[in-house]
Amino acid sequence: MARRARWQLLFSSGLLAAAVGCGGNDKTPRLFGLNRSSSNPVVTPDPAFQAQPPETTKTSFFGDAFSSKSKTGSGIKPDTEVAFADTQAEAALAEGRSPSDRDQMLDNARQRYQRALKDDPKNKGAFLGLAKLYAKMGDYPSAIGTYRQYLDINPSDHAAHHELAIAYGKTQDWANAVTSCEAALAIDHENRVYQKTLGMCLVRAGRYDEGYTVWLKVMPEAKARFFLARALEYTGKMDLVKQQVQLCLAADPTYQPAKDYLAYLNGEQAAPATDTVQTGFNGGN
């Protein structure tokens, strides 16, 4: 009888120990694998802890980590905000995304970039991410303003000068687009992409001979003539367009893009499927 009573006492003590937890001298319940008092909780929940759901919390597509409700001073570092914003901006433009989801995710990304800049006003990733985001949204005036702010701090970033030129081109501000391209080339003199973009901006600004001369630095005469013809198409001066195509074929009678384009101009075939000239403006190369 005494043995039975002793066994029951030990069993009851074991249940009590299990109920309060046996962690040495630590009697505090665990949250996310650490004490509740810990300032750096681990993201993975402790299986032994059953968290109570928040009362009416609505999470974003990516969960709380990507929620737009994070505020400055919440402990999220600017570079972390930028990383989350970059991922969210990229995902927003994924194929199959609904317009409402896309707009919400782009706005969330914008807010994250802006919070990063509030905490770190010179953050390169936040500046460039925000400028590119505005461009993706078609808000070119805001993209231009953001690039200009960034370049005031980082005037030697030739890639940003070139991206600013593209943004100016999207607004048909060809004079400023030329200036930005020239600023990019002043830093990276031999960049072929910048040369092609500068040639386009010069032609669209009405400086045809200068644009053609720039293109001659990075391509054969036939191709430069063809680029000029396709750029002139946007001016509506079709007599000049045809003249340049003919000069292109005089320089290289085998240049197939020009042969196809001349056939199109003569009404002998449909328009070429792709535009190989509009670098940075309409997706050309």
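Rules behind the numbers
Residues numbered from 1 in each chain as written. Predicted model: local features only at pLDDT ≥ 70, side-chain atom pairs only at ≥ 80, totals over all residues. Heavy atoms only, no water. Helix = DSSP H or I, 4+ residues; strand = E, 2+ residues; numbered from the N terminus. Buried < 20%, exposed > 50% of the residue type's maximum accessible area, 1.4 Å probe, protein only. Contact = heavy atoms within 4.5 Å. Areas by Shrake-Rupley, 256 points an atom, 1.4 Å probe, with all protein chains shown as cover. Core = buried A, V, L, I, M, F, W, Y, C linked by side-chain atoms within 4.5 Å. Axes fitted to C-alpha atoms, helices over the stretch in contact; angles between N-to-C directions. Parallel < 35°, antiparallel > 145°, perpendicular 65-115°, else oblique. Left-handed = near helix turned anticlockwise from the far one by under 90°. Nonpolar A, V, L, I, M, F, W, Y, C, P; charged D, E, K, R; others polar.

Student: Can you tell me about the overall build of the protein chain, naming the residues and giving the values?
Tutor: Secondary structure assignment for the protein chain yields 12 helices and two strands. Secondary structure elements of the protein chain occur, N-terminal to C-terminal, as α-β-β-α-α-α-α-α-α-α-α-α-α-α. Within the protein chain, the fraction of its 285 residues that count as buried is 34%. Sequence-distant contacts, at least 24 apart, represent 43% of the contacts inside the protein chain between residues at least 6 apart. Surface accessibility of the protein chain: about 16900 Å² in total, with carbon and sulfur atoms responsible for 53%.

Student: If you had to explain unusual backbone geometry to someone new, which residues and values would you point to?
Tutor: Negative phi characterises most residues that are not glycine, and trans characterises most peptide bonds. In this structure, Q172 takes a positive phi of about 65 degrees despite not being glycine. The partly exposed category is assigned to Q172, whose relative accessible area is 47%.

Student: Could you give an account of the nonpolar core, with specific residues and numbers?
Tutor: Grouped together as the largest cluster of nonpolar side chains are 39 residues, with contacts concentrated most on A109, Y113, L133, Y150, L164, L198 and C201. Those elements that place two or more of their residues in this core are helix 2 (78–92), helix 3 (99–119), helix 4 (124–136), helix 5 (140–153), helix 6 (158–170), helix 7 (174–187) and helix 8 (192–204). What L198 contacts, discounting residues up to four positions off in sequence, is V178, C181, E182, L185 and V214. With 22 residues, the next largest nonpolar core counts V203, W215, A222 and L262 among its residues.

Student: Account for the packing of helix 8 against helix 9 (residues 208–216), naming residues and giving values.
Tutor: Taken N-terminus to C-terminus, the directions of helix 8 and helix 9 make an angle of 165 degrees; their axes are 7 Å apart at the nearest point. Classified by the angle their axes make, helix 8 and helix 9 are roughly antiparallel. Crossing of helix 8 against helix 9: the hand is left-handed. Mapping the contact onto sequence places Q195, K196, L198, G199, M200, L202 and V203 in helix 8 and Y208, E210, G211, V214 and W215 in helix 9. Of the residues that constitute the contact of helix 8 with helix 9, the class distribution is seven nonpolar, three polar and two charged.

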